[in-house]
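What follows is each chain in one-letter form.
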Amino acid sequence: MRTASPARGTGDYEAATGRIAGLPVRRHHVLLVAWTVLWFLMVEPSGGVSWHYLRQGEQLLFDQQPGGGLSLYAHHPELQIGPVSLAAARLFAPFPDHVGQVLAEATMSALGLLMLVVVGRTAAWYYLGTGTNHRRLQQRLLVAGLAFIPMWVEVSVRFAHLDDVLALFFTTLAAYALSRGRATAVGVYLALAVDSKPWALSFVPLILALPRPQWRRAVLWLGALVAVAWLPFYLGTSGSFAAARFTIPNQAASSLRWLGVSDPATPWWDRPAQAALGLGLGTAAVLRGRWPAVVLVGANARILFDPSVYTYYTASILLGTLLWDAVGQKRLVPWWSWIALAALYGGTLVIPSDSACGLVRLAFVVVSTAYVLLRPAKRPRGRRGGRRGRAPDGGRAGAEPGRRRAGAGRVPAGSRG
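Thresholds applied
Residues numbered from 1 in each chain as written. Predicted model: local features only at pLDDT ≥ 70, side-chain atom pairs only at ≥ 80, totals over all residues. Heavy atoms only, no water. Helix = DSSP H or I, 4+ residues; strand = E, 2+ residues; numbered from the N terminus. 1 Å grid on protein atoms, 1.4 Å probe; cavity = no way out; pocket = protein on both sides within 12 Å on 5 of 7 lines; lining within 4 Å. Points joined across faces, edges and corners; volume = space filled by probe spheres on them. Nonpolar A, V, L, I, M, F, W, Y, C, P; charged D, E, K, R; others polar. Expected span 1.5 Å × (residues − 1). Buried < 20%, exposed > 50% of the residue type's maximum accessible area, 1.4 Å probe, protein only. Contact = heavy atoms within 4.5 Å. Core = buried A, V, L, I, M, F, W, Y, C linked by side-chain atoms within 4.5 Å.

**Some details on unusual backbone geometry**
Then step 1. Backbone geometry at Ala160 places phi at a positive 55°, although glycine is not the residue there.
Then step 2. When you line up the elements, Ala160 lands in the loop between α7 (134–158) and α8 (162–179).

See the structure below:
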């Protein structure tokens, strides 16, 4: 009987896992690192636009300055930054201002790369037991990641919004925990996302994708950690509620203008409607068996109702399309990531009319939401489900996301993500 040589066996393993010979890394990871470094170097000289808000907030919170401490949000409602983000910003306080800023930007850029790895592993666990070709999955992640990185550098380097970065990072970890069926971790990570930036509340419907008996545990962890982070500011100072009423200009390129809202600043109903729509669309996605779409439709709700049109908002959309392209469907080409990049970022560069930009934003929200919620699902080979709605590729949403049929389509050792 013929036996394979060790060299050939090693080559087959490396081909199956995408690893580079002799190194514990994969080819698509190396390309994504190089792509991130390139964008970091291009953007960093003009970066850190909003970093001063993080510095101001952490100093007010921790240095016992007048108007700070637990009365921070009462006296500075413009600091729409969660306490977890302010605590994280404190880590860079010992460094000189510019050094701390660059270190923060580099750290946030690295978190974007880590998120790509986590999304890859989420997809690998989600499709475990379905005969998925993991080399194709890595190629899909690479192509989607090439679209994701420019927008991630926008939020992490150009604007240095640590709060948005952490909200999206913890949401990515929650999606991974969901794929593994870990209810406690899902609740903890979603709580940390909300504690980093309140608009992450739109991603809470991910909990509903867990098996029903695990909902209570995830919700208790979520509620407890959100209360621990936020209640001290509101119980001690009633004026902290002013932060929820903080308004920003209603820009001409916003989707709100196309919805007929001509108020010069944020309408009183806008933030509650934004949260309600995000929660409603996310719940609908789970009921349709398409929990990988929760982040996309939640982010869509944000840009639909937000009066402003900052480019860093698009990073949340790109995370949503990344999860959908990698986990929610099995097409080799991740079209939605590139459509989002072209429409929401490219459009701001080439479309001279603010009104036309607003129409493009509105069209993307409507079309992408309708696509992920209404598109007919396909049943893959080897997928088994539970009792509730269909999963995005034809399985069942009621089954534990991390549990798949034993023996089918095994992933080669070390090839997850």
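**A few points about empty space enclosed by the protein**
Then step 1. The full count for this structure, using the stated rule, is two cavities of 30 Å³ or more.
Then step 2. Around the second largest cavity sit Ala343, Leu344, Gly347, Thr348, Ile351, Cys357, Val360 and Arg361, which together line it.
Then step 3. Mapped onto the lining of the second largest cavity, the elements with two or more residues apiece are α15 (335–350) and α16 (354–374).
Then step 4. Residues belonging to the lining of the second largest cavity are distributed by class as follows: five nonpolar, two polar and one charged.

**Brief notes about helix α9 (residues 183–196)**
Then step 1. Compared with the 20 Å implied by 1.5 Å per residue over 14 residues, the 20 Å span of α9 between its first and last C-alpha is a close match.
Then step 2. Counting buried positions along α9 gives 10 out of 14 residues, so the element sits mostly inside the fold.
Then step 3. Three or more residues of α9 are buried, namely Ala183, Val186, Gly187, Val188, Leu190, Ala191, Ala193, Val194, Asp195 and Ser196.

**Section: the side chain of Ser50**
Then step 1. Positionally, Ser50 belongs in the loop between α2 (27–43) and α3 (51–62).
Then step 2. For Ser50, a relative accessible area of 8% translates into the label buried.
Then step 3. With residues up to four places along the chain from it excluded, the contact list for Ser50 reads Phe159 and His161.

**Considering the nonpolar core**
Then step 1. In terms of nonpolar packing, the biggest core is built from 114 residues, with Phe148 and Trp291 touching the most fellow members.
Then step 2. It is α8 that contributes the most residues to this core, 13 residues altogether.
Then step 3. Excluding anything up to four places from it in sequence, Trp291 contacts Thr122, Tyr126, Ala175, Leu178, Leu206, Ala209, Ala285, Val286 and Val327.

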